[in-house]
Amino acid sequence: MHDDNTSQVIDRGQHEGAKTPWDQETWRHAALGWARRELAARGLRETGRLGVRLRPWSVLVRIPVEGSREGPRRTAVWLKANPPAGAFEAPLTAALARWVPEYVLEPLAVDADRGWSLLPHGGELFRQVLDRTPADPRAWEEPLRQYATMQRALIPHTKELEQLGVPSARTTALPEVFDKVVQFIETTTEPDIAPAQLHALRPLLRELCAELAELGIPDSLDHSDLHDGQLFHPEPGRYTFFDWGDAAVSHPFCSFLVPAGRVRERYGPEALPRLRDAYLEPWTGNGHSAPELRRALTLATRLGVIGRAAAWNRHFPGASAATRTAGATESAKSLLKLSSDEPLL
């Protein structure tokens, strides 16, 4: 595996000045050396240039490979490195492959201590499926059902998830998570939104959390960023979910915020009731009425902004003031949506 300028294609997006461990030669050699050894153990070898995607919150390296114990083939694998605040993604990915293998990618290898994952090619992105098919929001129904089914299966594992380092944002503790996010905003250089506006939301937040907790739906795993680029559609009837770096143990229905927003943008608000019911279908039969489930989804979707806000502080050490300020601003924008009177569902 070569480590020189001619064997890499670097993508920094809009973050040209972002500091990542990729900039350190010793780190690059260690990470690529680990990936090389894991690939060799599986009969795979590198066949081309590395595609390196650098962001303040992750390093992602596309490694073209060929050959396997099952016979010659050409494909790619992905090396992902998370910052310390998101290092839980590596052991989480491995644990999900044990607990709910039909719904996730099985990593080729993980280094839990260093927050590294080596992942196989997952197939076609769901976004690509949507782009080439007629405008039909019903395409979201089955992946939402499967995602909800996976969340129900993970309810018994919530303590284990937290032991892996997955952030705890349980329904009753969301006000405390909110406070930590506001503290991050307050201590960041020149945030664009005054923290006083956020502090004023806390009484409303406590009311929403109390009502949601009273409905009695257990906490589970919340992806926190489940858009159409975060799942694969590898074969008919099957969807696999990935990119868990923003995840938390929280109310499961908080996960509906992001897909609902994407569906609304793409198809209009009239598409949401049908998809809401598809997501809630696996949650029926547990003693909750349909109106209770719908009310819980409405509340949790509103509270889901806290998980989105919390994820903006998961940067690599040494993040620039500009990066931190941009993250604090996005966090504040998310939190302000708690007060929105605009119905999402």
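Each remark here, short or long, concerns the structure printed above.
Notes on the structure follow. Model, not experiment: these values are computed from the prediction. (Residues numbered from 1 in each chain as written. Predicted model: local features only at pLDDT ≥ 70, side-chain atom pairs only at ≥ 80, totals over all residues. Heavy atoms only, no water.)

Some words on the overall build of the chain
Along the backbone of the chain there are twelve helices and eleven strands. Its C-alpha radius of gyration of 21 Å places the chain within 12% of the 20 Å reference for a compact globule of 345 residues. With the principal axes as the frame, the chain shows a C-alpha extent of 55 × 50 × 40 Å. Burial statistics for the chain: of 345 residues in total, 51% are counted as buried. Contacts spanning at least 24 positions in sequence make up 74% of the contacts within the chain whose residues lie at least 6 apart. A total of about 15,800 Å² of accessible surface is found on the chain, and carbon and sulfur atoms cover 50% of it. When the 41 basic and 45 acidic side-chain charges of the chain are each reduced to a single mean position, those positions are 3 Å apart. (Helix = DSSP H or I, 4+ residues; strand = E, 2+ residues; numbered from the N terminus. Rg over C-alpha atoms; globule rule 2.2 N^0.38 Å. Buried < 20%, exposed > 50% of the residue type's maximum accessible area, 1.4 Å probe, protein only. Contact = heavy atoms within 4.5 Å. Areas by Shrake-Rupley, 256 points an atom, 1.4 Å probe, with all protein chains shown as cover. Lys, Arg positive; Asp, Glu negative; His and termini not counted. Charge placed at Lys NZ, Arg CZ, Asp CG, Glu CD.)

Let's talk about the packing of helix 11 (residues 290-311) against helix 12 (residues 321-336)
Between helix 11 and helix 12, the least distance of the axes is 8 Å, while the angle of their chain directions is 175 degrees. Accordingly, the angle class assigned to the pair helix 11 and helix 12 is roughly antiparallel. Note on element contacts: helix 12 touches helix 11 through S331, S334 and L335, opposite V305, I306, R308 and A309. Considering only residue class, the contact of helix 11 with helix 12 consists of four nonpolar, two polar and one charged. (Axes fitted to C-alpha atoms, helices over the stretch in contact; angles between N-to-C directions. Parallel < 35°, antiparallel > 145°, perpendicular 65-115°, else oblique. Nonpolar A, V, L, I, M, F, W, Y, C, P; charged D, E, K, R; others polar.)

Topic: the side chain of S334
Here S334 is to be found in helix 12. Not counting residues up to four positions away in its chain, the partners in contact with S334 are V305, R308 and A309.

Here we look at helix 12
Compared with the 22 Å implied by 1.5 Å per residue over 16 residues, the 22 Å span of helix 12 between its first and last C-alpha is a close match. Those residues of helix 12 that sit buried are T323, T325, G327, A328, T329, S331, A332, S334 and L335. Where helix 12 is buried, its residues touch helix 6 (174-186), helix 7 (195-199) and helix 11. (Expected span 1.5 Å × (residues − 1).)

Here's the deal with helix 10 (residues 272-280)
Within helix 10, burial applies to L272, L275, R276, A278, Y279 and L280. Residues of helix 10 that are buried make contact with helix 4 (141-154), helix 9 (257-267) and helix 11.

A word on the pairing of strand 9 (residues 231-235)
Within a regular beta strand, the side chains point alternately toward one face of the sheet and then the other, so they alternate between its two faces. As paired strands, strand 9 and strand 10 (residues 238-241) are joined by three bridges and run antiparallel to one another. Across the sheet, the residue bridging to L231 is F241, located in strand 10. In this structure, the hairpin formed by strand 9 and strand 10 is closed by a connection of two residues, where G237 is found at a positive phi of approximately 80 degrees. (Pairing = 2+ DSSP bridges.)

Things to note about unusual backbone geometry
Of note, S224 is a non-glycine position whose phi angle comes to about 75 degrees, a positive value. Mapping S224 onto the fold places it in the loop between strand 8 (220-222) and strand 9.

The values reported here are purely geometric and, on their own, carry no functional implication.
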